[in-house]
Every structure is written in C-alpha cells, then in structure tokens.
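Structural overview
Residue strings, one per chain:
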Amino acid sequence: TLLMSLGAFIFATIGLIFFIQSDNFGYLRVISTFYHHNGFAGFLLPFLPLSIFVALERRGAWGRILPYILPILLFSAFFLTFSRGGYIAAAFSLVVFIFLLFRFHGSMRQFAPRLGIILIILIASVALAYGLFAVKEVQSRRAEISSISPFVESAEGESSLSARIEYARLGLTL
C-alpha cells in the first residue's frame, strides 16, 4: 500500500508542478500526465483514504510530520482538478472511511483524535490548494489577463450537452 501511495504521490507532484508552471489561465486544472482532469481525479480517489490511513497508522522511521505530507499533497492535487464528480465520490469514500475507522476503534476516546487529524489534513489541503490557485491569479494579473478560471468558457449557444452530442455524432461517423 505504501508503494502504491508513493506512485500516486509522484503523479500528484508532477500534476502540481505542471499546474504551477502552466500559462494557460483559461483552463487551469491539475491533470498531471493524464489527458483529462476527471481521469486524474478518478485515479487519485482510491489513494485519498489510503493515504490518510497510512498517515494515521505509520510511525517510527517516517518521523512525525512526513506521513502527513502524502495526504496533504494528494488532496491538494485532487481539489485542483475541479472534478465535481470526483468531489462527490471523495465525500462518499471519506464518509465510509470515517465510519469504518469508528467501527474499528470502537470508543470515541480513540476515534476523536484520529478524526481531528483527518480534519487538519483536509484543512491544510484546502489551504494549499487555495494558495496555489491564488498564486496563479497573481500571475494572471501580471500577464494582464482579466480573470482565470478552471473552466473553459462555452461559445454562444453551446452547452455541455450539445458538445457531448456533437462528440457522439462525430464518434459514430468514425
């Protein structure tokens, strides 16, 4: 599990580096080496609760702070994908993870500190993601771009549904 989490950490780090170095302010999402942000969010989903578990249960040679860097970077990269479906799936998986964690530890005395650690990890991840996005906003102002957005602006009369219908029509002609 640690090796798989390390692989996800590498992909998230690559994605965050690409995000920081990107000059495309019109479509600003973390995609790492994936083609689409939803695919990258789906890739990160299994590793989010796993990384929290590793942070909660690993001690010793890893030190006291190092195990928490993994989930903070993974969650930050995940938040910056701006994948709404990913957000819903992550919320569901975290609720299930917290339920299972409570059932495993049984008493509130053992569970409460772990829940506090999970909340600190999530708050730190949101703060890091917001900070990185704010840096990109400052860069866009310096480049004299009016606004940045994680979303592509649609053409007049175009919607997500009409674009998908067009993609399906073009796929059928192949």
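Details of the structure are given in the entry above.
For the structure given in this document, a descriptive report is provided here. Residue numbers here run from 1 along each chain, matching the order of that chain's written sequence. Restriction of local features to residues with pLDDT of at least 70 applies here, the model being predicted, together with a cutoff of 80 or more for giving and counting side-chain atom pairs; totals for whole chains, interfaces and linings are based on all residues. Values reported for side chains reflect all heavy atoms of the structure, with hydrogen atoms and water molecules removed beforehand.

1. Things to note about unusual backbone geometry
The condition is simple: A run of H or I in DSSP counts as a helix once it spans at least four residues, and a run of E counts as a strand once it spans at least two, with each numbered from the N terminus. Buried means the residue's accessible area, taken with a 1.4 Å probe over protein chains only, is under 20% of the maximum for its type, while exposed means over 50%, and partly exposed covers the values in between.
Phi is positive for Ser-32, which is not a glycine, with a value near 55°. Within the secondary structure, Ser-32 sits in the loop between α1 (2-21) and α2 (37-44). Given a relative accessible area of 4%, Ser-32 falls into the buried group. Phi at Phe-82 takes a positive value of approximately 55°, unusual for a residue other than glycine.

2. Concerning the nonpolar core
Heads up, the rule is: In these notes, a set of buried Ala, Val, Leu, Ile, Met, Phe, Trp, Tyr and Cys residues joined through side-chain atoms within 4.5 Å is what counts as a nonpolar core. We call two residues in contact when some of their heavy atoms are within 4.5 Å.
Core analysis: the largest hydrophobic core is formed by 35 residues, its most contacted members being Leu-74 and Leu-80. Of all the elements, helix α4 (residues 66-79) adds the most residues to this core, at 7 residues. Beyond its immediate sequence surroundings of up to four residues, Leu-80 is in contact with Leu-16, Phe-19, Arg-29, Val-30, Ala-129, Leu-132 and Phe-133.

3. Considerations on the packing of aromatic side chains
Note the threshold: Note on aromatic contacts: the rings of Phe and Tyr and the six-membered ring of Trp form a pair at centre separations within 6.5 Å, being stacked when their planes are under 30 degrees apart, edge-to-face when over 60 apart, and tilted otherwise.
Summed over all chains, the structure comprises 12 aromatic pairs. Between the aromatic rings of Phe-40 and Phe-43, the centroid separation amounts to 6.4 Å while the plane-to-plane angle is 20°, which identifies the pairing as stacked. One end of the pair, Phe-40, and the other, Phe-43, are both in helix α2, 3 residues apart, so they sit about a helical turn from each other. For Phe-43, a relative accessible area of 23% corresponds to the partly exposed category. Between Phe-78 and Phe-79, the aromatic rings sit 6.2 Å apart at their centres with planes inclined by 55°, giving tilted as the arrangement.

4. A look at helix α5 (residues 84-105)
Rule in force here: Here the expected length of a helix is defined as 1.5 Å per residue gap, with one fewer gap than residues. Think of it as the arc spanned by the lines of direction from the helix axis to the C-beta atoms.
Here α5 is 22 residues long and its end C-alpha atoms lie 31 Å apart, about the 32 Å a rise of 1.5 Å per residue gives. Looking only at α5, the buried set comprises Gly-86, Ala-90, Leu-94, Phe-97, Leu-101 and His-105. Projected down its long axis, α5 carries its buried residues within an arc of 70°, all on one side. Along α5, exposed side chains directed more than 90 degrees from the buried face belong to Arg-84, Ile-88, Phe-92, Val-95, Leu-100 and Arg-103. If you follow the buried residues of α5, they end up packed against α3 (47-57), α4 and α6 (108-142). Phi turns positive, to about 75°, at Gly-106, one or two residues after α5.

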